[in-house]
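# Architecture and fold: a report
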Amino acid sequence: MATSSFTKDFTLTTKEAVESFVRIISTPKNKGKKIRKNLVSPDKERRGELKLKRMLSR
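Residues numbered from 1 in each chain as written. Predicted model: local features only at pLDDT ≥ 70, side-chain atom pairs only at ≥ 80, totals over all residues. Heavy atoms only, no water.

## Side note on the overall build of the chain
The helix and strand inventory of the chain stands at two helices and zero strands. Counting only residues that meet the buried cut, the chain has 0% of its 58 residues in that class. (Helix = DSSP H or I, 4+ residues; strand = E, 2+ residues; numbered from the N terminus. Buried < 20%, exposed > 50% of the residue type's maximum accessible area, 1.4 Å probe, protein only.)

Right, dumping it as structure tokens:
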């Protein structure tokens, strides 16, 4: 989990690092996995929403 002490600065110091960074940025992202929503009951969905709201309100 990120904290306030996490530094967001990064420096690419070698040619290999630059090439690797360009390769990572230029490759298309995968679509991810499909979510089978029929597996989630309305009750579980409601409980999940409440839990998420509680976590975000802290």
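## Section: the pattern of salt bridges
If you walk through the whole model with that rule in mind, you get two salt bridges. A salt bridge links Arg46 to Asp43, with the nearest nitrogen and oxygen atoms 3.5 Å apart. Taken together, the residues Arg46 and Asp43, both in helix 2 (residues 42-57) and three residues apart, mark about one turn of the helix. Owing to a relative accessible area of 46%, Arg46 belongs among the partly exposed residues under this scheme. Salt-bridge contacts for Asp43 lead to Arg47; the nearest nitrogen and oxygen are separated by 3.6 Å. Within this pair, Asp43 and its partner Arg47 are both found in helix 2, separated by four residues, close to a single helical turn. Among the ionic contacts, a cluster of salt bridges with common partners joins Asp43, Arg46 and Arg47. (Salt bridge = Lys/Arg side-chain N within 4 Å of Asp/Glu carboxyl O.)

## Describing a nonpolar patch on the surface
Taken together, the side chains of Phe10, Leu12, Val18, Phe21, Val22, Ile24 and Ile25 present a nonpolar region at the surface, about 660 Å² in accessible area. Inspection of the secondary structure assignment puts Val18 in helix 1 (residues 15-26). (Patch = residues over 30% accessible without salt bridge, like charges linked within 9 Å, V, L, I, M, F, W, Y side chains within 5 Å. Areas by Shrake-Rupley, 256 points an atom, 1.4 Å probe, with all protein chains shown as cover.)

## Observations concerning helix 1
Spanning twelve residues, helix 1 covers 16 Å between terminal C-alpha atoms, matching the ideal 16 Å at 1.5 Å per step. Of all twelve residues in helix 1, zero are buried; the element is thus mostly exposed. (Expected span 1.5 Å × (residues − 1).)

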